[in-house]
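# Examining the three-dimensional arrangement
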Amino acid sequence: MSQGGWIGTWRPHRPRGPIMAQYTSPGPKYSIQGATGYVSHIPTKRKAPAYSMYGAKPLSSKDNVPGPYYVQGTVTNRGKKTGPAYSLSGRTESKVETTPGPACYSPDKAKKVIYKAAPMHSMGYRTHGGKVDSTPGPNNYMIPEVLGPHSVATSGSPSYSMTGKSKLGRFDEDLHKTPGPAAYHKPSADIYKKSAPKYTMAGRLKDHKTDKMPGPAEYELGKISCAPVISFGIRHSDYTTPVIVDVY
């Protein structure tokens, strides 16, 4: 940058934040607070103390008396002046302190704490309520075996077991797993061949009533005719007025 055309040490640079003078619109989201007044005053500027003025204090209810009031004789222009007054009441039960007295301390027993002393041991009876050691004794441990296939400490020889012959690979092994001829059911010959007629013989039906069946005399053979039968009747018109007769 050339030195010509500039006065002073100030040179243009990039601003650290937004400047309101660079915006024609309302500006950035946050505006600079004012330095005048008391409300919304900028916290970086010094603010003078502000005072408020109120009206006269209203009279209290004690002041609303009808006139002069009685002044006791013990009240002077410097305050109340009276002799000492005492009151008699019961004795208060104060809390008794339960702190130990001087006789409760044993300074002679503190020698073994302050000075070096030889170890001291005491003998007493066996305690019955103490915790019993429940560790196992020597006879509770089992010595591992040294013979047989289950030996742990020594190496054992190979052991063999004998079992029955397996059906796998035998001469009678069924490789196809298919049913034999005896597995099928023999069907009846009447299914695939011509069967003879079959008759059944049963008893007479007792519930069948023969009296309600017509006999040969019930039929009239002479009345049977195939020719059409025609009958004549009276033709009536739909527009004929019916005859109305007065009945007295």
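Residues numbered from 1 in each chain as written. Predicted model: local features only at pLDDT ≥ 70, side-chain atom pairs only at ≥ 80, totals over all residues. Heavy atoms only, no water.

### A look at the overall build of the protein chain
Inclusion rule: Strands here mean DSSP runs of E at least two residues long; helices mean DSSP runs of H or I at least four residues long; both are numbered from the N terminus. Exposure classes here rest on a 1.4 Å probe applied to the protein chains alone. A residue is buried below 20% of its type maximum, exposed above 50%, and partly exposed in between. What makes two residues a contact is simply this: any of their non-hydrogen atoms within 4.5 Å. What sets the accessible areas is the Shrake-Rupley method with a 1.4 Å probe; for residues, cover comes only from the shown protein chains.
A count of helices and strands for the protein chain gives 2 helices and 2 strands. When its helices and strands are written in sequence order, the protein chain yields β-β-α-α. Counting all 248 residues of the protein chain, 1% fall into the buried class. Across the protein chain, every contact between residues at least 6 apart in sequence was considered, and the portion connecting residues at least 24 apart equals 0%. Accessible surface computed for the protein chain: about 28700 Å², of which carbon and sulfur atoms make up 58%.

### Quick notes on a nonpolar patch on the surface
Selection criterion: Residues form patches when they are more than 30% accessible in relative terms and have no salt bridge. Like charges link within 9 Å. Nonpolar side chains (Val, Leu, Ile, Met, Phe, Trp, Tyr) link within 5 Å. Salt bridges are counted wherever a side-chain nitrogen of Lys or Arg sits within 4 Å of a carboxyl oxygen of Asp or Glu.
Side chains of V113, I114 and Y115 sit close together on the surface and give an oily, nonpolar patch of about 390 Å² of accessible area. Within the secondary structure layout, V113 lies in helix α1 (residues 111-114). A relative accessible area of 68% means that V113 is categorised as exposed.

### Re the environment of S151
For clarity, the threshold we go by: Polar contacts, as counted here, are pairs of nitrogen or oxygen atoms within 3.5 Å of one another; within protein the pair requires one atom able to donate a hydrogen and one able to accept it, and residues that are adjacent in sequence qualify only if both atoms are side-chain atoms.
One can find S151 in the loop between α1 and α2 (189-192). Setting aside anything within four residues of it in sequence, one finds S151 in contact with E145 and V146. Engagement of the side chain of S151 in a polar contact is seen with the backbone oxygen of E145, the distance being 3.2 Å. Polar contacts involving the side chain of S151 include one to the side chain of T154, which spans 2.6 Å.

### Comments concerning the side chain of H41
Relative to the assigned elements, H41 resides in the segment before β1 (75-76). Polar side-chain contacts of H41 include one of 2.9 Å to the backbone oxygen of A35. Leave out the neighbours within four places in its chain, and H41 touches Q33, G34, A35, T36, R46 and K47.

### Comments concerning the packing of aromatic side chains
Which entries qualify depends on this criterion: Here a pair means two rings of Phe, Tyr or Trp (six-membered ring of Trp) with centres within 6.5 Å. Their orientation is stacked below 30 degrees between planes, edge-to-face above 60, and tilted elsewhere. Note on geometry: a ring has a charge over it if NZ (lysine) or CZ (arginine) is within 6 Å of the ring centre and within 35 degrees of the ring normal.
On inspection of all chains with the given rule, the structure shows 0 aromatic pairs. Between the NZ or CZ atom of K47 and the centre of the ring of Y38, over which it lies, the distance is 4.5 Å.

### A closer look at the confidence of the model for the protein chain
Formally: Confidence scores here are pLDDT values: one per residue, from the predictor, ranging 0 to 100.
On average, the protein chain scores 76 in pLDDT, and the residues at 70 or more come to 78%. The element-level mean pLDDT for the protein chain is lowest in α1, coming to 76, with α2 highest at 86.

### Details of unusual backbone geometry
In terms of backbone geometry, most residues other than glycine have negative phi values and most peptide bonds are trans. Positive phi, normally seen in glycine, also occurs at S40, with a value near 55°. Within the fold, S40 resides in the segment before β1. We classify S40 as exposed; its relative accessible area is 55%.

### Notes on the environment of K198
Relative to the assigned elements, K198 resides in the segment after α2. Of the polar contacts made by the side chain of K198, one reaches the side chain of D190; its length is 3.3 Å.

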